Structures are given as structure tokens and as C-alpha cells.
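Structural description and commentary
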Amino acid sequence: MRVCVIGTGYVGLVTGACLAHIGHDVICIDNNEEKVKLMKSGQSPIFEPGLSEIMQSAINTGNIQFSSDLPAGVAHGEILFIAVGTPPLPTGESDTRYVEAVARGIGANLNGGYKVIVNKSTVPIGSGDWVRMIVLDGIAERQKTLIPAGGTAVEEKLPDIAAQFDVVSNPEFLREGSAVYDTFNPDRIVLGGNSQQAVGMMKELYAPIVERKFAADQSLPPVPVLVTDLSSAEMIKYAANAFLATKISFINEVANICDRVGADVTQVAKGIGLDSRIGNKFLQAGIGWGGSCFPKDVSALIHTADDYGYEAQLMKAAVSVNERQRLIALEKLQQVLKILKGKTVGLLGLTFKPDTDDLRDAPALNLIEQLNRLGAKVKAYDPIISQTGMRHGLSGVLVETDAERLADGCDALVLVTEWQQFNTLDYAKMAKLMSHAVMIDGRNFLDPEAMVKAGFQYVGVGR
Ligand code: NAD
């Protein structure tokens, strides 16, 4: 099928490349010329395991093109994905201006022939109908420019094109760090919309994935496809993220109680996770959730509830537990080192999770800011950020090129991100290089006994 994906970030580029890989004819559009140039040369502007390889194979088969030409993209696609960012506004609401610009641009360039417009961006509940309205506005604006004064009335032409598109909500559940894997092995596909034609085309688009043709385990039953109305699909995305964020805040709260009573939260999580009603995922206590989705999506849902006169108390509590938790490493540093002014603290990891280069709303950023405020010098080593340098606009932190340089002269290390590489560092050597060998394990990732053996004073979260 002919597909156009507008917005080539973590979601759009992975979606476009995976759809091209399974045989669709895809054009990826972005208004960032630098990114387009990079992608045209076969390089991915983001770090995501496996992405460069499938991009390259799609380029070789001619199934993928990259461009900043929206009209060309709209003309090409029978399915048009909107995959631009919806960052948070200071009020907690979602900033939908990029979605609006794209929807207007689609309307202004619809060229006849039925099209499905797919909201893949995470958008406030009700956005499906709103996107339809903006597209219609875009059509009307273009027609105004086409029709000279006294010419054919806009109203006469508008219904023709308006009848030729439908809006579908297709929320995305991929995880950064395993986005390509998740796209080929999803737990479910959600399609919100009331047009049978549009939903039918979406099912055809995803058929090879639903049938597990590109799955790690092809013997599994087909991927469940849930068809809902637009609002329910939009709500599913927010509810899923709010639930996961609340689950982490819950175990972090249990960890804080464990710290006080002398229990070990890792054993507690194992004990409760074996209960099939609870499950063992998202029960790792640590320094809190972050990233580009959980904080903004939970805030947006709280805001939507507020708009309807309902106070989402549980979600608000999940946020406030998290805000405190994001500074738990600071509390622990103060307990061990007492005064932080003049001390040097090294951060192992900067990204909000492993296997990504994404620093958006990463707990490390809070930590850097607070450590700086208290007069500590901050250094960091991150397997990806240390390679890509300061293009991320980090400030208040010296980014080192390896873990041993990081350890050199530090009064404490804080493990911020559970990169697999951090399992195999020479911790005994690192401990010797430090002024004080203190390890605050913000993800309960390291083996406490091995750390003590390596010469560290080990402090975990709730263990
Ligand atoms: P991103 O910021 O990485 O990418 C957005 C892209 O859109 C950028 O490349 C930007 O240049 C481009 N863009 C902005 N305005 C444009 C325009 N007018 N025309 C063309 N391109 C334009 O964002 P992301 O992380 O991929 O997220 C996209 C959406 O998907 C968001 O709504 C997000 O909440 C949702 N989502 C993200 C994830 C994730 O893990 N990142 C997971 C699920 C859902």
C-alpha cells in the first residue's frame, strides 16, 4: 500500500521503516531539513537498535523515500500517518500545534482519491473529530485561494473532497530502545474509528504484522486487533501509560517503606510479581519514571479530567510520588556524604532508559540541576550520549568518554540508567580511582555483594 508518514521521530521513522520493510511503498516527511538530509544518506537521526539496518534494507529495495515535501507526501499516500510530537505545555496540557499544522497541510493538499488520515501521535481525547475539522478547514482555505472572487461557491466543491477521507486513531505503544522489535511484535493493535472502509484499509496495512510474518516467534497466534470508537482508542493510550506509571510509583512507594523497615524491595517485587493478577513487569523500584511519554501523558490525562470537573486523585498521587522519587538519589548522597558542596558526583547513564539516546525529561536532568544547586561538581558517562557529545544541549555536567575516567576523583557514583554494559565494568579498578568509593544504585541493577567486594559502599533503593 502507498503510505505517507509525517514526522520522523522515534515513532514516525520506526513506523515508516517497518512498514517499508514489510513491503509497503512509504514516503517519510519531516519539516526538519537536516534530518531529511541525514535520512536520505541512509543514516538514522536517532539511536534505536535495528533501525539503521531496516532503513538501509528499505532504501535498497526502493520501498522508502525521505522528503520535506508535504504536498508530494499527501499525493503519494493512500494512508497518511500523523506522527509529530505532542509535547507538554507548562499547564500539563498536550501541545497539539504540530498536529494541527500537519492536519491543515493535509487538507490543503488533498488531491482526490480516498485517503485514511491516521492519528499516531498521542493526542487528547476528542482529537480525531478535531483533526477532521482542521483538515476540512485546510480544504476550505485552499479552495478560497483557488476560486476567484465571484467564482464557484466553496460549499459546492467542499463535500466532494470531504467525503474522500476518514480519520482513524491508531495509538502507538512501542518502547524506545526496542521500538523496531515492538513494531514487529506488538501485544495488540488498536484502531479507533467509525468508517469500515478506513478500518478495513488499516487491517490490510498491518496484516503481515498481525499474521506474525515478521515476528520473533511466528508460531504465536495472530496479534489481537481491537477496533473501537475514536475516543476510546485515544483513551486507551493515555490509560495504558497512566497505569504503567502508577505501577512504578506504587513499587517505589513500597521501596521507600522497605528502606525504613529493613525489607528488600527486589524480593518483595518478586513475591508479588509471581501473582498472575499482578505480573512481574514494571515492578523495578528506582529513581522514578521519566522520558518523553509517561510524564506528559499522565499530566495530559489529569488535565483532561480537570476540564470535565473530575479530580484524578490516584494519577496526581502517582505524579507526586514520582517527583519525590526522582530526587531519592540526592537524599541518599546526602545521607552518606553529608555536605555535597565541593564534592564530585559521577552519573553512570544519562538517558531515561537504556538503549536510547533520548534525554527528554530524564531523571538525570533533575539530578544534575539539584547537585549543581547544592555546589557539587557533576560528571557523567553514558554509552550513547558520550559518543554523540554535547549535541543534546546538556549543561552543568562534564560528559566523560568512559567509565574509568568518570570514576577518577569522584566522591560517589550514581547508577542512573541500567545499561547492560554497566554489568561488566571493572568496578574494583573504578573504586580505587575514586576519592570515596560510594555507589548509589538508582536502579537496583548491580549485585550488592559484588559491589562491596569491589570496594564500594553500596546503597540501593529499598534494599
Ligand atoms: P519526536 O519529537 O521524536 O518526532 C517528531 C518529529 O516530527 C520530528 O522529527 C519533527 O521534526 C517532526 N515534525 C514536527 N512538525 C512537523 C511538521 N509540521 N511537518 C513534518 N514534520 C514535523 O516525537 P516522537 O517521540 O516520535 O513522538 C511522536 C508522537 O508519538 C507523540 O505524540 C508521542 O507522544 C507519541 N508516542 C511516542 C512514543 C515514544 O516512545 N517516543 C511512544 C508512543 C507514542
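Residues numbered from 1 in each chain as written. Predicted model: local features only at pLDDT ≥ 70, side-chain atom pairs only at ≥ 80, totals over all residues.

The criterion, for reference: UniProt positions are given in the numbering used here, feature names are shortened, and annotations may be inferred rather than shown by experiment.
The name given to the protein chain in an unreviewed UniProt entry is UDP-glucose 6-dehydrogenase, with the source organism recorded as Anabaena lutea FACHB-196. As stated in UniProt under Catalytic activity (unreviewed entry), the record for the protein chain gives "UDP-alpha-D-glucose + 2 NAD(+) + H2O = UDP-alpha-D-glucuronate + 2 NADH + 3 H(+)". The UniProt entry for the protein chain carries the following text under Pathway (unreviewed entry): "Nucleotide-sugar biosynthesis; UDP-alpha-D-glucuronate biosynthesis; UDP-alpha-D-glucuronate from UDP-alpha-D-glucose: step 1/1."

**Describing the site of the ligand**
Short version of the rule: We call a residue near a molecule or strand when the C-beta position, derived from backbone atoms, sits within 6 Å of it. Put simply, DSSP H or I for four residues or longer makes a helix, DSSP E for two residues or longer makes a strand, and each gets a number counted from the N terminus. Here the nonpolar group is Ala, Val, Leu, Ile, Met, Phe, Trp, Tyr, Cys and Pro; Asp, Glu, Lys and Arg are the charged ones; every other residue, Gly included, is treated as polar.
Close contacts around the ligand come from 26 residues, with Gly-7, Gly-9, Gly-85, Ser-121 and Thr-122 the closest. For the shell around the ligand, the secondary structure elements donating two or more residues are helix H1 (10-21) and helix H5 (97-109). Of the residues in the shell around the ligand, the class split is 11 nonpolar, 11 polar and four charged.

**Some words on the domain arrangement of the protein chain**
The figure often quoted for interface size is the accessible area lost as the parts come together. Stated precisely, the cut-off is as follows: An automatic or database domain assignment supplies the start and end points of every domain. Residues are defined as contacting one another if the C-beta atoms placed from their backbone atoms lie within 7 Å.
Splitting the protein chain by domain gives domain 1 (2-228), domain 2 (237-324) and domain 3 (327-459). Distance from the C-alpha centre of domain 1 to the C-alpha centre of domain 3: 39 Å. Taken residue by residue, the interface counts eight residues in domain 1 and seven residues in domain 3. For the side of domain 1 that touches domain 3, the class distribution of residues is four nonpolar, two polar and two charged.

**Considerations on the sheet that holds strand E10 (residues 377-381)**
What counts here: Two strands make a pair as long as DSSP finds a minimum of two bridges between them. Lines fitted to the C-alpha atoms define the axes, with helices restricted to the stretch that makes contact. Angles between their N-to-C directions range from 0 to 180 degrees.
Strand order in the open sheet formed by six strands is E11-E10-E9-E12-E13-E14, with parallel pairing between adjacent strands. Both outer strands of the open sheet, strand E11 (398-399) and strand E14 (457-459), are each paired with one neighbouring strand and no more. The pairing of E10 with E11 spans two bridges and is classified as parallel. If you follow Ala-380 over to E11, its bridge partner there is Val-399. Taken strand by strand, helix H14 (residues 328-337) contacts strand E9 (344-348), strand E12 (412-415), strand E13 (438-441) and E14, and its axis lies near 155° from that of E13.

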